[in-house]
Amino acid sequence: MKFTNKMNLPQYLVDWLKNDEYDYNPDPNTTSATGLMKPLRVSVLTSRHGANLEIDVADLVASRYGNAIHDSIERVNTPGTSKEVRTAKKITVKGVEFTVTGKYDLLIDNGNGTHTLRDIKTTSVWAYIYGGKDKDYQLQLSIYKWLLSDEKTIGDMAYIDFFFTDWQSSKARTEDKYPNNRIAPGYKIKLLSSEEVEKFIVSKLEQIVDFRDVPDDDLPFCTKEELWAEDDTFAVYKIGNKRATKVCDSKEEADQYQLANKISGHIQHRPGKVKRCKYCSAAPFCNQFTQLMEAGLIQD
């Protein structure tokens, strides 16, 4: 990984932002829970081009906020709670033995032979309000449960404790959906069964084996869901108007609106823009990113 310092930050901040205590494993047959959750194209490209990937240190601020909270919580002794423990499990797929790893945030001993997983997330208030990441949270925590299943009995419900990086007390007093406090603990996540999790893991590892030696440009494109793509829309224009009369969610809806309102004009298809690419360090090596950029489909 190569670092840039476009904001000309002082050296002590550069050193802090560059410091990453995550315990990476370079073994190509070792993958983490979060690694399994990445799109196949992203996983393969970052693995192949890791030494040449570039990131500006200023883009690491949010990540370091999260690390700081995790580190400070880890240092506090809480009876019956284990924190930041990495666990591993071996699984053979297509004749290749893989090691799947995961580091849970907190594991609570319930005192009755069962344990409960809790996870810490630092995020913006708006990401929390508008959500959309519950499936990712569910899969990540379910993989942790699968990893621990041979040694501990984990409950079917896990919990997420949110820490907000941009919380404002004034908005908490005036906006209905805005959280009342800087933290929102105890968000419930129903975990998947071990069978469902193992099916996902095997499928993902099969893809990794199948595409391990495939050229970069021939890797499967990220799906619309993986790209965090907006839905396509269809704008109805009257003749001579520069602004749309109505923006519809489907071509059929736009046709019906145009017909019902006897509008003379045209319907413009507006492809949904994608959000993930601007956060993806593998973008410089990705021909799908290049195509989306040339088509003007990368969200600013």
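This structure is a prediction, so every number in the text was calculated from the model and none was measured.

1. Structural notes on the overall build of the protein chain
Along the backbone of the protein chain there are 10 helices and 12 strands. Dimensions of the protein chain, computed from C-alpha atoms along their principal axes, come out at roughly 70 × 55 × 50 Å. Long-range pairs, those at least 24 residues apart, make up 69% of the contacts in the protein chain with a sequence separation of at least 6. Working note: accessible area of the protein chain is about 18,000 Å², and carbon and sulfur atoms make up 49% of it.

2. Considering the pattern of salt bridges
Side chains carrying opposite charge are able to pair once their charged atoms draw close together. Throughout the structure, instances matching the rule amount to eight salt bridges. Across the pair Arg-118 and Asp-161 runs a salt bridge whose closest N-O atoms are separated by 2.8 Å. Of this pair, Arg-118 sits in strand β6 (residues 114-123) while Asp-161 is found in strand β8 (residues 157-164), placing the two residues 43 residues apart along the sequence. Judged by relative accessible area, which is 12%, Asp-161 ranks as buried.

3. What to know about the pairing of strand β10 (residues 233-238)
The buried count for β10 comes to five of six residues, which makes it a mostly enclosed element. Note that β10 and strand β12 (residues 265-270) share six bridges and pair antiparallel. Its bridge partner being in β12, Lys-238 is matched across the sheet by Gly-265.

4. As for the packing of aromatic side chains
The full count for this structure, using the stated rule, is seven aromatic pairs. Note on Tyr-128 and Phe-162: the rings are 5.0 Å apart at their centroids and 65° apart in plane angle, and the pair reads as edge-to-face. With a gap of 34 residues between them, Tyr-128 in helix α5 (residues 125-130) and Phe-162 in strand β8 connect regions that are remote in the sequence. You can call Tyr-128 partly exposed: its relative accessible area is 28%. Look at Phe-162 and you get buried, because its relative accessible area is 3%. For the ring pair Phe-162 and Tyr-187, a centre distance of 5.6 Å and an interplane angle of 75° mean the geometry is edge-to-face. Taken together, the positions of Phe-162 in strand β8 and Tyr-187 in strand β9 (residues 183-190) put the pair 25 residues apart, joining distant regions of the chain. You can call Tyr-187 partly exposed: its relative accessible area is 29%. Three or more aromatic residues joined by ring pairs make a cluster, and in this case those are Tyr-128, Tyr-137, Phe-162, Phe-164 and Tyr-187. Directly above the aromatic system of Trp-146 lies the positively charged group of Lys-89, at a separation of 4.4 Å from the ring centroid. Over the aromatic face of Tyr-257 sits the side chain of Lys-246, whose NZ or CZ is 5.6 Å from the ring centroid.

5. Let's talk about empty space enclosed by the protein
Using the criterion set out here, one finds one cavity of 30 Å³ or more in the structure. Here the largest cavity is characterised by a volume of approximately 110 Å³. Lining the largest cavity are 13 residues; nearest its centre among them are Val-42, Cys-222, Cys-277, Cys-280 and Cys-286. Counting only elements with at least two residues in the lining of the largest cavity, the list comes to α3 (40-49) and α10 (287-294). With three residues, α3 is the largest single contributor of residues to the lining of the largest cavity. Along the lines of polarity and charge, the residues of the lining of the largest cavity split into 10 nonpolar, one polar and two charged.

Reading the values: rules and limits
Residues numbered from 1 in each chain as written. Predicted model: local features only at pLDDT ≥ 70, side-chain atom pairs only at ≥ 80, totals over all residues. Heavy atoms only, no water. Helix = DSSP H or I, 4+ residues; strand = E, 2+ residues; numbered from the N terminus. Contact = heavy atoms within 4.5 Å. Areas by Shrake-Rupley, 256 points an atom, 1.4 Å probe, with all protein chains shown as cover. Salt bridge = Lys/Arg side-chain N within 4 Å of Asp/Glu carboxyl O. Buried < 20%, exposed > 50% of the residue type's maximum accessible area, 1.4 Å probe, protein only. Pairing = 2+ DSSP bridges. Phe/Tyr/Trp six-rings, centres within 6.5 Å; stacked < 30°, edge-to-face > 60°. Lys NZ or Arg CZ within 6 Å of the ring centre and 35° of its normal. 1 Å grid on protein atoms, 1.4 Å probe; cavity = no way out; pocket = protein on both sides within 12 Å on 5 of 7 lines; lining within 4 Å. Points joined across faces, edges and corners; volume = space filled by probe spheres on them. Nonpolar A, V, L, I, M, F, W, Y, C, P; charged D, E, K, R; others polar.

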